[in-house]
Amino acid sequence: MIRQILAILLTAGCLEATGFPESYYSISDSKAQRQAFGRIMRPMIENSNNDILQERAFVQSFFAKYLPKFFRNIPKDELGKLNQIREKYKIKTLYDHKAYERRVDTVPIGLALAQAAIESGWGKSRFVRQANNIFGHWTWGNVGIIPEGREEGKTHRIRIFESLQDSVDAYALNLNRHYAYKLFRDAREEARLNGEVFNGLKAAKTMLYYSEIREKYVAMLEKVIKENNFMLYDNEPPRVQPPLSPLLESEQE
């Protein structure tokens, strides 16, 4: 539903094709602009999370249905969908249930808001306005924006997204599958199994490898979350997952 509303607004000209709405950039009061930033970003983060939850629900249903049958007589469409999820999240083994549980999961809204604010300068960076790139994602090849001051010999560019939503989706997928964010996934899994809220502040402590400044970046995230009360977005406890069968335990990560 959120995607449909955003698509309608875009078609009607209520949102700009690149960057935030022009009305956002015209807000002169910094506090008001930051509040508007949250109102714009939150639906997109929730949208990404909803898509992830649908994938997670499919995975849970799949294993509940076919594990007792020792994975026999699986319809091709269901097996194909599981394989698509496996490839998307870079899971090595098709029937590694625990790896899916670790990787196919949501991102705390408070963390996403704080990282979006820092990486995009509260939506005002030229990468947002020219490339819909909120989180500073890089790419290699001939398509992309060359960063100012790029070191000689470097070939990376700033990735161009078709929409802001695509940028948010890529961010969530990056946290869920890249090796640099294993600490994030481990902490999230532990919180879920213990029935605890995995909020932005807890998640921020695992972001040591998102930036070259390491601990300073974590401190920046924590400051942005606290100063803007972003922790209030993460007040719902996760559903406790049942323990996995020993048959499915692996050293995937």
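Owing to the predicted nature of the structure, the values given are computational and were not obtained by experimental measurement.

Engineer: Before we move on, could you go through the overall build of the chain and cite the residues and values that matter?
Structural biologist: Helix and strand counts for the chain come out as eleven helices and two strands. A total of 253 residues make up the chain; the buried ones form 45% of that total. Of all intrachain contacts in the chain linking residues separated by at least 6 positions in sequence, the fraction that spans at least 24 positions is 63%. Approximately 13,900 Å² of the chain is accessible, and the part contributed by carbon and sulfur atoms is 53%.

Engineer: Can you tell me about the nonpolar core, naming the residues and giving the values?
Structural biologist: Ranked by internal contacts, the top residues of the largest apolar core, which has 56 residues, are Met 41, Leu 111, Leu 175, Phe 184 and Met 207. Those residues in contact with Met 41 that sit more than four places away from it in its chain are Phe 20, Leu 113, Ala 116, Ile 134, Phe 135 and Val 168.

Engineer: Break down the packing of helix α3 (residues 30–66) against helix α8 (residues 164–177) for me, citing the residues and quoting the values.
Structural biologist: Closest axis-to-axis distance for the α3/α8 pair is 9 Å, and the angle between their directions is 50°. Accordingly, the angle class assigned to the pair α3 and α8 is oblique. Between α3 and α8 lies a crossing whose hand is right-handed. Contact with α3, carried on its side by Met 41, Met 44, Ile 45, Asn 47, Ser 48 and Ile 52, involves Leu 164, Gln 165, Val 168, Asp 169, Ala 172 and Asn 176 of α8 and no other residues of that element. Tallied by class, residues from the contact of α3 with α8 come to seven nonpolar, four polar and one charged.

Engineer: Outline the packing of aromatic side chains, supporting the account with residue identities and numerical values.
Structural biologist: Summed over the entire model, instances satisfying the criterion amount to 18 aromatic pairs. Ring geometry for Phe 20 and Tyr 24: centres 5.0 Å apart, planes at 55°, overall tilted. Accessibility assignment for this pair places Phe 20 and Tyr 24 in one class, buried. Aromatic pair Phe 62 and Phe 63: ring centres 5.6 Å apart, planes at 70°, arrangement edge-to-face. An identical accessibility class is assigned to Phe 62 and Phe 63; each is buried. An aromatic cluster of three or more residues is present, and its members are Phe 20, Tyr 24, Tyr 25, Phe 37, Trp 122, Phe 230 and Tyr 233.

Engineer: Break down empty space enclosed by the protein for me, citing the residues and quoting the values.
Structural biologist: Applying the stated criterion across every chain yields a total of one cavity of 30 Å³ or more. For the largest cavity, the full set of lining residues is Ile 45, Ser 48, Asn 49, Val 107, Ala 112, Val 168, Tyr 171 and Ala 172. Taken together, the residues of the lining of the largest cavity sort by class into six nonpolar, two polar and no charged.

Engineer: Can you break down helix α6 (residues 109–120) residue by residue, with the values?
Structural biologist: With twelve residues, α6 should cover 16 Å at 1.5 Å per step; its first-to-last C-alpha distance of 16 Å lies within 8% of that length. Burial within α6 is extensive, with ten of its twelve residues counted as buried. Looking only at α6, the buried set comprises Ile 109, Gly 110, Leu 111, Ala 112, Leu 113, Ala 114, Gln 115, Ala 116, Ala 117 and Ser 120. At its buried positions, α6 is contacted by α3, α7 (126–131), α8, α9 (182–193), α10 (200–204) and α11 (215–227). Positive phi appears at Gly 121, one or two residues downstream of α6, with a value of about 60°.

Engineer: Report on the confidence of the model for the chain, specifying residues and quantitative values.
Structural biologist: Confidence in the prediction of the chain, expressed as mean pLDDT, is 87, and 86% of residues score 70 or more. Note on residues 4–16: pLDDT under 50 across the span, and twelve contacts to partners over four residues away in sequence or across chains. Taken together, the stretch residues 237–253 has pLDDT below 50 and engages in 44 contacts with residues farther than four places along the chain or on a different chain.

Engineer: Which residues make up α8, and what are the values?
Structural biologist: Here α8 spans 20 Å end to end across 14 residues, near enough to the 20 Å set by a 1.5 Å rise per residue. Among the 14 residues in α8, eleven count as buried, and that is most of the element. Every buried residue of α8 is accounted for by Leu 164, Gln 165, Ser 167, Val 168, Ala 170, Tyr 171, Ala 172, Leu 173, Asn 174, Leu 175 and Asn 176.

Engineer: With reference to specific residues and values, describe the layout of surface pockets.
Structural biologist: Where empty space is left can be seen by rolling a probe of water-molecule size over the atoms. A volume near 1,400 Å³ is recorded for the largest pocket. Lining the largest pocket are 41 residues; nearest its centre among them are Gly 136, His 137, Trp 138, Tyr 181 and Tyr 210. Residue assignment for the lining of the largest pocket shows that the elements contributing at least two residues are α6, β1 (138–140), β2 (156–158), α8, α9 and α11. Each residue belonging to the lining of the largest pocket can be placed in one class, and the counts come to 17 nonpolar, ten polar and 14 charged.

Conventions and cut-offs
- Residues numbered from 1 in each chain as written.
- Predicted model: local features only at pLDDT ≥ 70, side-chain atom pairs only at ≥ 80, totals over all residues.
- Heavy atoms only, no water.
- Helix = DSSP H or I, 4+ residues; strand = E, 2+ residues; numbered from the N terminus.
- Buried < 20%, exposed > 50% of the residue type's maximum accessible area, 1.4 Å probe, protein only.
- Contact = heavy atoms within 4.5 Å.
- Areas by Shrake-Rupley, 256 points an atom, 1.4 Å probe, with all protein chains shown as cover.
- Core = buried A, V, L, I, M, F, W, Y, C linked by side-chain atoms within 4.5 Å.
- Axes fitted to C-alpha atoms, helices over the stretch in contact; angles between N-to-C directions.
- Parallel < 35°, antiparallel > 145°, perpendicular 65-115°, else oblique.
- Left-handed = near helix turned anticlockwise from the far one by under 90°.
- Nonpolar A, V, L, I, M, F, W, Y, C, P; charged D, E, K, R; others polar.
- Phe/Tyr/Trp six-rings, centres within 6.5 Å; stacked < 30°, edge-to-face > 60°.
- 1 Å grid on protein atoms, 1.4 Å probe; cavity = no way out; pocket = protein on both sides within 12 Å on 5 of 7 lines; lining within 4 Å.
- Points joined across faces, edges and corners; volume = space filled by probe spheres on them.
- Expected span 1.5 Å × (residues − 1).
- pLDDT = per-residue confidence, 0-100.

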